[in-house]
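Remarks on the overall topology
Chain by chain, the residues run as shown.
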Amino acid sequence: MGRIAQELDEIRRELPEGTRLVAVSKFHPTEAVREAYEAGQRIFGESHAQELDAKRKELPADIEWHFIGHLQTNKVKYIAPYVSMIHAVDSFKLLQEINKRAAENNRHIPCLLELHVAEEVTKYGFTTEACDRMLAAGEWQQLVNAPIAGIMCMASNTDDEQRIREDFKKAHDFFNYAKETYFKNDERFCERSYGMTHDYRIALKEQPTLVRIGTKIFGERVY
Ligand SMILES: *Cc1c(COP(=O)(O)O)cnc(C)c1O
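Keep in mind the model is a prediction, meaning the values are calculated, not measured.

Rules used in this analysis
- Residues numbered from 1 in each chain as written.
- Predicted model: local features only at pLDDT ≥ 70, side-chain atom pairs only at ≥ 80, totals over all residues.
- Heavy atoms only, no water.
- Helix = DSSP H or I, 4+ residues; strand = E, 2+ residues; numbered from the N terminus.
- Rg over C-alpha atoms; globule rule 2.2 N^0.38 Å.
- Buried < 20%, exposed > 50% of the residue type's maximum accessible area, 1.4 Å probe, protein only.
- Contact = heavy atoms within 4.5 Å.
- Disulfide = S-S within 2.5 Å.
- Near = heavy atom within 4 Å.
- Polar contact = N/O pair within 3.5 Å; in protein donor to acceptor, adjacent residues only side chain to side chain.
- 1 Å grid on protein atoms, 1.4 Å probe; cavity = no way out; pocket = protein on both sides within 12 Å on 5 of 7 lines; lining within 4 Å.
- Sits in = over half its atoms within 2 Å of the grid points.
- Nonpolar A, V, L, I, M, F, W, Y, C, P; charged D, E, K, R; others polar.
- Patch = residues over 30% accessible without salt bridge, like charges linked within 9 Å, V, L, I, M, F, W, Y side chains within 5 Å.
- Areas by Shrake-Rupley, 256 points an atom, 1.4 Å probe, with all protein chains shown as cover.
- Salt bridge = Lys/Arg side-chain N within 4 Å of Asp/Glu carboxyl O.
- Lys, Arg positive; Asp, Glu negative; His and termini not counted.
- Charge placed at Lys NZ, Arg CZ, Asp CG, Glu CD.

**A look at the overall build of the chain**
The helix and strand inventory of the chain stands at 9 helices and 8 strands. Its C-alpha atoms give the chain a radius of gyration of 17 Å, near enough to 17 Å, the size a compact globule of 223 residues would have. Viewed in the frame of its principal axes, the chain has a C-alpha envelope of about 50 × 45 × 30 Å. Burial status across the chain gives 54% buried among its 223 residues. At a minimum sequence separation of 6, the contacts of the chain that also span at least 24 residues come to 61%.

In structure tokens:
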């Protein structure tokens, strides 16, 4: 078994039922993606539209591509024809653009709202207050081609496990609140995307449905 297959195997044994793995392949070559694919992996995460576009053309069509990074509105049109999920929606404007481009392609693209829960000031995402205001305004309900399918977050970049745990817990509490308040009868709102290489084991305590792991599977990224 190759190293990539070995890492995938190890992660799969750790993930509980109900948590899917997004293998984050950004900055890694198509050969690495193919190796993971051959080891049975089908969901891959990328964070640059151009890179994703180029890779997708060389790889099997049954790969489910998730866009996980910060997405500029002017890039949505490139990925709208095929992307399976967009994880880091951080403004209503972006949600509107995704809806427009999804509709042009006769598609529905599930979107996750990115919550800013980390201590760093530079991270993207809605504060829980801003997210609540956006949901309360209700306009998103008209964006039928960009259904809100859940939340995503990145924890603080620290070795302080307690702090990381609190970040994920804050996100999870907001998910439960939003579910109860805005999505009670909407089964599509069910996804919680949290956890990366250095903190997915902590994230698992807060029951994510998706973890996004790159480095552990593919090694360090070369920029
Ligand atoms: C790159 C990236 C990941 C994966 O990070 P690793 O530390 O390599 O596991 C997860 N989520 C997002 C949003 C990313 O940009």
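Still to come is the rest of the account.
**What about the state of the cysteines?**
The term disulfide refers to a covalent linkage connecting the sulfur atoms of a pair of cysteines. Taken as a whole and assessed by the stated rule, the structure comprises 0 disulfides. Its sulfur unpaired, cysteine 131 is 12 Å from the next cysteine sulfur, which belongs to cysteine 153. You can call cysteine 131 buried: its relative accessible area is 0%.

**Some points on the site of the ligand**
Around the ligand sit Val24, Lys26, Ile68, Met152, Met154, Met196, Thr197, Arg212, Ile213, Gly214, Thr215 and Arg221, and that is every residue in its neighbourhood. Side-chain polar atom of lysine 26 to an oxygen atom of the ligand: 2.6 Å apart, as the coordinates give it. Between the ligand and arginine 212 there is a distance of 2.8 Å, counted from a nitrogen atom to a side-chain nitrogen or oxygen. Here the ligand is seated within the largest pocket. Those elements that provide at least two residues to the shell around the ligand are strand S6 (148-154) and strand S8 (210-213). Residue classes in the shell around the ligand are distributed as 6 nonpolar, 3 polar and 3 charged.

**A word on the environment of alanine 155**
Locating alanine 155 in the fold gives a position in the loop between S6 and helix H7 (161-182). Looking at alanine 155, the relative accessible area reads 6%, which means it is buried. C-alpha of alanine 155 to C-alpha of alanine 118: the two residues are 37 residues apart in sequence and 5.0 Å apart in space.

**Observations regarding the side chain of threonine 30**
Within the secondary structure, threonine 30 is located in helix H2 (residues 30-38). There is a polar contact of 3.0 Å between the side chain of threonine 30 and the side chain of glutamate 31. A distance of 3.3 Å separates the side chain of threonine 30 from the side chain of glutamate 58, its partner in a polar contact. Here threonine 30 is in contact with Lys55, Glu58 and Leu59, once residues within four sequence places are set aside.

**What about a negative patch on the surface?**
Taken together, the side chains of Asp159, Asp160, Glu161 and Glu166 define an acidic patch exposed on the protein surface. Note that aspartate 159 resides in the loop between S6 and H7. For aspartate 159, a relative accessible area of 79% gives the class exposed.

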